[in-house]
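Residue-level structure breakdown
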Amino acid sequence: MDKKLGVYICGGCGISDAVDLEKMVKVAGNNVCKTHPFLCGKEGSALITNDMKDEGVNTVVVAACSPRVMYDVFNYGNDVVLERVNIREHVAWSQPNAEVPAPAEGAEAPAEAPAAVFHKATQMMGEDYLRMGIAKAQKMMPAEPLVQDLTKTVMVVGGGVTGMKAALSASSIGYRAILVEKTGALGGWSAKMHKQLPTKAPFAALEAPIAPELAKQVEADANIKVYLNAEVSNTYGAPGMYDVTITSNGAANEEKVGTIVMAVGWTPYDATKLADKYGYGNLANVVTNMQVEEMAKAGSIKRPSDGKAAKNVLFVQCAGSRDADHLPYCSSVCCLASLKQASYVRAQDGDSKAYIIYKDMRTPGLYENYYKAAQNDPGVFLTKGEITSITEAGNGDLVVEIANTLIGENIKIKADMVVLATGMVPNTKPVDVDSKDLPVRTLSMDYADQAAGRKIPMAAPTLNLQYRQGPEVPTLEYGFPDSHYICFPYETQRTGIYAAGAVRSPMGVAQAMNDADGAALKAVQCIELASRGSAVHPRALDMTYPEFRLESCTQCKRCTEECPFSTLDEDEKGTPKPNPTRCRRCGVCMGACPQRIVSFKNYSVDIIGSMIKAVDVPSDDDDQMRFICLMCENDAYPALDMMGINRLQYNNNLRILPVRCLGSVNVVWIADALSRGVDGILMAGCKFGEDYQCHFIKGSEQCNKRMDNVQETLQRLSLEKERVQQIQVSVAEYDKLPAMLDKFVKDLKAMGPNPFKGF
Amino acid sequence: MSDIMVEPDLNFIKGLTASGADTVKKCYQCATCSVVCNIAPEGGPFPRKEMVWAQWGLKDKLAADPDVWLCHNCGDCTKHCPRGAKPAEVLGALRKATIEKYAMIKPLAGIASSFAGSFVVAAIVIIGLLAAIGHLNVLANYHEVGEDGHVNIIFNNFLNTHYVDAVFMPLFMLAVLTAGYGVMKFWNDICDGAGLGKYTGRNALPSILPTLLQIMQHNVFSACGVNKDRKIPHLLALVSFILLFITTNWAVVYLYVLGWEPGSYSSLHNPLKWVGNIGAIMLLAGAFLLIRNRKAKEATQSSSAFDWNLLYLILLIGVTGFLAQVIRMAGIVPGAQVMYVLHLIFIAQLFIFAPYSKLAHLFYRTTAMVFAKHTGRDLKVA
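Residues numbered from 1 in each chain as written. Chains lettered and ligands numbered in written order. Predicted model: local features only at pLDDT ≥ 70, side-chain atom pairs only at ≥ 80, totals over all residues.

Some thoughts on the overall build of chain A
- Counting its regular elements, chain A contains 20 helices and 30 strands.
- If one aligns the C-alpha atoms of chain A with their principal axes, the spans along those axes are about 105 × 65 × 55 Å.
- Within the span of chain A, comprising 759 residues, buried residues form 51% of the whole.
- Put simply, 71% of the contacts in chain A that link residues at least 6 apart link residues at least 24 apart. (Helix = DSSP H or I, 4+ residues; strand = E, 2+ residues; numbered from the N terminus. Buried ≥ 20, exposed ≤ 12 C-beta atoms within 10 Å, placed from the backbone. Contact = placed C-beta atoms within 7 Å.)

Points about the confidence of the model for chain B
- On average, residues of chain B score 90 in pLDDT, and 96% of them are at 70 or above.
- Across the assembled chains, the prediction reports ipTM 0.89 with pTM 0.89. (pLDDT = per-residue confidence, 0-100.)

Side note on the sheet that holds strand β15 (residues 353–358) of chain A
Residue and element names in this part refer to chain A.
- The 5 strands are arranged β13-β20-β14-β15-β16 in an open sheet whose pairing can be described as parallel. Each edge of the open sheet carries a strand with a single partner, namely β13 (286–288) and β16 (380–384). Averaged over neighbouring strand pairs, the angle between their axes works out to 25° when direction is ignored.
- The sheet contact formed by β15 and β16 spans 5 bridges and is parallel. (Pairing = 2+ DSSP bridges. Axes fitted to C-alpha atoms, helices over the stretch in contact; angles between N-to-C directions.)

A short note on the interface of chain B and chain A
- Facing the 19 residues of chain B at the interface are 20 residues of chain A.
- When its residues are assigned to classes, the side of chain B that touches chain A shows 11 nonpolar, 3 polar and 5 charged.
- Bridge count for strand β19 (residues 411–415) of chain A against strand β1 (residues 4–5) of chain B is 2 bridges, and the pairing is parallel. Bridge assignment links Lys412 of chain A to a residue of β1 of chain B, and that residue is Met5 of chain B. (Nonpolar A, V, L, I, M, F, W, Y, C, P; charged D, E, K, R; others polar.)

Concerning the environment of Met169 of chain B
- Along the chain, the position of Met169 of chain B falls in helix α11 (residues 161–193).
- Residues Met169 of chain B and Gly92 of chain B, spaced 77 residues apart in sequence, show a C-alpha to C-alpha distance of 31 Å.

What about the domain arrangement of chain B?
All names here are of chain B.
- Taken domain by domain, chain B holds domain 1 (10–101) and domain 2 (106–374).
- Summarising the inter-unit geometry, the C-alpha centres of domain 1 and domain 2 are found 28 Å apart.
- Between domain 1 and domain 2, the residue contacts involve 25 residues of the former and 27 residues of the latter.
- Taken together, the elements giving at least two residues each to the side of domain 1 that touches domain 2 come down to α5 (67–70), α6 (76–80) and α7 (87–101).
- Per-element tally for the side of domain 1 that touches domain 2: the top contributor is α7, with 8 residues.
- In terms of residue class, the side of domain 1 that touches domain 2 is built from 10 nonpolar, 8 polar and 7 charged. (Domains from an automatic or database assignment.)

Let's talk about the sheet that holds β19 of chain A
- Taking strand neighbours across the sheet as the criterion, the 4 strands line up as β17(A)-β18(A)-β19(A)-β1(B) in an open arrangement whose pairing is mixed. This sheet does not close on itself; its edge strands, each paired only once, are β17 (386–392) of chain A together with β1 of chain B.

Let's talk about unusual backbone geometry
- Going from His537 of chain A to Pro538 of chain A, the amide bond is cis rather than trans, its omega being 0°.
- Along the chain, Phe46 of chain B connects to Pro47 of chain B via a cis peptide bond; the corresponding omega equals 0°.
- Of note, the phi angle at Arg647 of chain A is positive, near 55°, even though the residue is not glycine.
- Tracing the sequence through the fold places Arg647 of chain A in the loop between α17 (636–645) and β28 (654–659).

Section: the pairing of β16 of chain A
- Counting buried positions along β16 of chain A gives 4 out of 5 residues, so the element sits mostly inside the fold.
- Once you follow β15 of chain A into helix α11 (residues 368–375) of chain A and on to β16 of chain A, the crossover reads as right-handed. (Right-handed = clockwise from strand over helix to strand, strands pointing away.)

As for α7 of chain B
- Between the first and last C-alpha of α7 of chain B there are 20 Å, a value that for 15 residues agrees with the 21 Å anticipated at 1.5 Å per step.
- Counting buried positions over the 15 residues of α7 of chain B gives 13, a clear majority of the element. (Expected span 1.5 Å × (residues − 1).)

Written out as structure tokens, the structure is:
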């Protein structure tokens, strides 16, 4: 492509008060370069489009506001290379602006007000950013989206409420769905319930279980194909092109699917593990909440020992939940389930009594209304308390001793039956490992496990993926298959595979149905974006993808191992086999590759290297030492924008260089920068480790791990290891960012300039 | 602490619910009530614990709980309760339950919550008295016409004061005795509940005078938040009771110590009448203001029939007494007599039901406050 560069500098929003636009224009050299006081306006926009038409400009550099705004105005399609240089938030709004110089002491006031003088350091910064942008634009190539005809069928694994609803949801917006259910009937746990918790306002009255109704709808829907007694025995391929083998009633069926919703549900916590604690299995009349549900569905709640109708029933909340020895988490529905079952007991006999002994009554959201309604029954008795013993008192009656109650003393209650409100275990929980032994998994633990020869637990067999990094989706805390619970609901750590319902998080029917809709829509969104050649979450609408110059590959497998999403498969020799629709375009492979064979059309080792080279490094100015800040585009960069919006200033010795993820940082940039005399490099990215915030799961952690290599490089150059540092910053911490950046600069200035300066 | 076997009494809960505590089950034990209460003592403040005991139907625990009575029904808890559980109203219902539990004559306690029922009982007593002395026709003339033609009504001629005293003195003694019975049982139960020993632990005599002084100061009422303006009306009612008690005893002195003729002191020139009339005016003002306060707060603080009965009874005693005097002086014979009989019936109603109506708070709250002083759990005051 023959490039014709056009550089357009905006003077609006205070930019012309901060930098001298005439001098900025000189930076553009021989390229077309124009300034406009209002570039995003009609006239300003026309300036650019006319040049494209009349002058043949096909590579546009817009030096104006942050690329995070006005992206709809400065949008010229995939065929035009566009680079946005942020001289508004990162310069004009966060650096000293031009000032009128104070008159010399004793001097007479001049007749005319003197002109404002631009701040030298601010000007240097603006010019550097423009040079970097031009350098980048010169190397970038237009994106060539991989537009493909993909299979758009949604495969839903699990035929419970979530699975049925997800299939119906996909079908309702015109997508074919395949529903795979391991048992002989649709319905899941919901079908076993006597009644279900309210699913609609005012969330105060119990309802008939919805499973039969959903099953009817699924069966009537021609767009949904159901496999019963089935499991997914093989999933080969990538989003939009999966070849799936579904074994149903012993026969193998081949299906082509585009995306997968995992609605594989939950299992009640194994109450036999509570034998010592609550006597389950030893005392006949200690039962679980699912047993009560089955009894209620069968007609009446009778105690197992003698079949007598249970009149005084005591519910033990958090039976094995929020318990470091069992399930360390809260399942969020057991309190509600017990309130529900208390109403079964009360409905059976007007004189019956239901006791609920809780740790904390947890009825999230609008279920507070159900709590209120259920509690209002005179025969339902609630107290906080700890069960200290459950003993038999003859005739099968039980005496429960409870300590630390709200009643103010330890109490004893005589009950016909004790119900253990057990929690929910996701069906992805790795087999043969107890939930309590499954803490948050982080990359460093993977390393530690590998070093110690331990096998990293994989999710229980569900999808049987033919992926380089293993057959199932990785799980995080306690075996849930999420990638970042709060920020990215439904996302697993495998692109195109979405978790919904109780497998994603313990939840009840109403939430599960919402979840099903959400995951189905995410699945559809994935397949639509992928077929247009776009990345999915979190870089949606990014049309580039990594390209591998395989002739230089040494089969070191770093990229295939380090990809957070198992995008790359390998051939027998270990050469990476890209799967662009699995890829999230973070560039972790690019950061990993020692041969630098991975590049994007607009992001490569060479492009970023050229930007670093474009930074002017003053050689004899103590005030202006030069530091490069490689800044993650996901949180740190927006934080700096926020800083500018709030008119906070950051140290003018720094030059900000956005990167897709710290995981994409190639060590060679650091080596090159330092050998050019740059005084230090700061990498600002997301929090890593436990409770990580990295948008690519382990990019920032990966970067931190690679610091070992960096230290080596520094040693080779005989430089202090503190010259390269990594900080963790979230978008909410924009107000703390100036101090963080300042500290880095001050510490390094104290160390003195880079000895390579000036060579 | 040894475990107690807990057996909730469903009927007790249903009874509470029927007598004004229909919100008791709404409580979710956040303890906002105990935090916002301006008067609850530091250690084990009410009404949080009372709420859970009531929800669990632990009637024995509640009956032996002085805090039920330390509560002055300010209503701050009800105002701030995030669940609308109305702790103030629940404690009101609990007090009623306690009164019923310690009632010596249970059938009377049963009637007490019905105004009409208790009026009928009192009416039977007074009409019985009239019948005994053959004065069932209250419209008959029992007056004298003076030399100047002025109609001089002397109630003694219509209904001999000695007969009236012969009925009311026993009624008063009955009230004092039956209330005393309840108070003693209550005292024993709260002492047992607190684990106080037989002798020194229960000897609370030194705490009685300070408690009475505190009651006269009414400083607990000043500490109330939303119901602060109740202090003056309640104090008016209390002082009027005291003044009218003094007046009555004064008359007893005239009649039985000095041997005066009945009616000889009923002129407005007699200081006894001054005190009596001041008391009557205070009674009317107090009752009127208390009723008005309750009416104004009806939307936020509900009142039960139990609450209203006492207020209206006091108001009616004041009104009938005052009118009887006015009509008597105006010389309207039948009206004066009817009013006098009505007045007597209402007073009889007050006396007979004193230990079972809301008036019993006079005994039980005082006892609980003595206990609080005795055990160092003083109420907070303004």
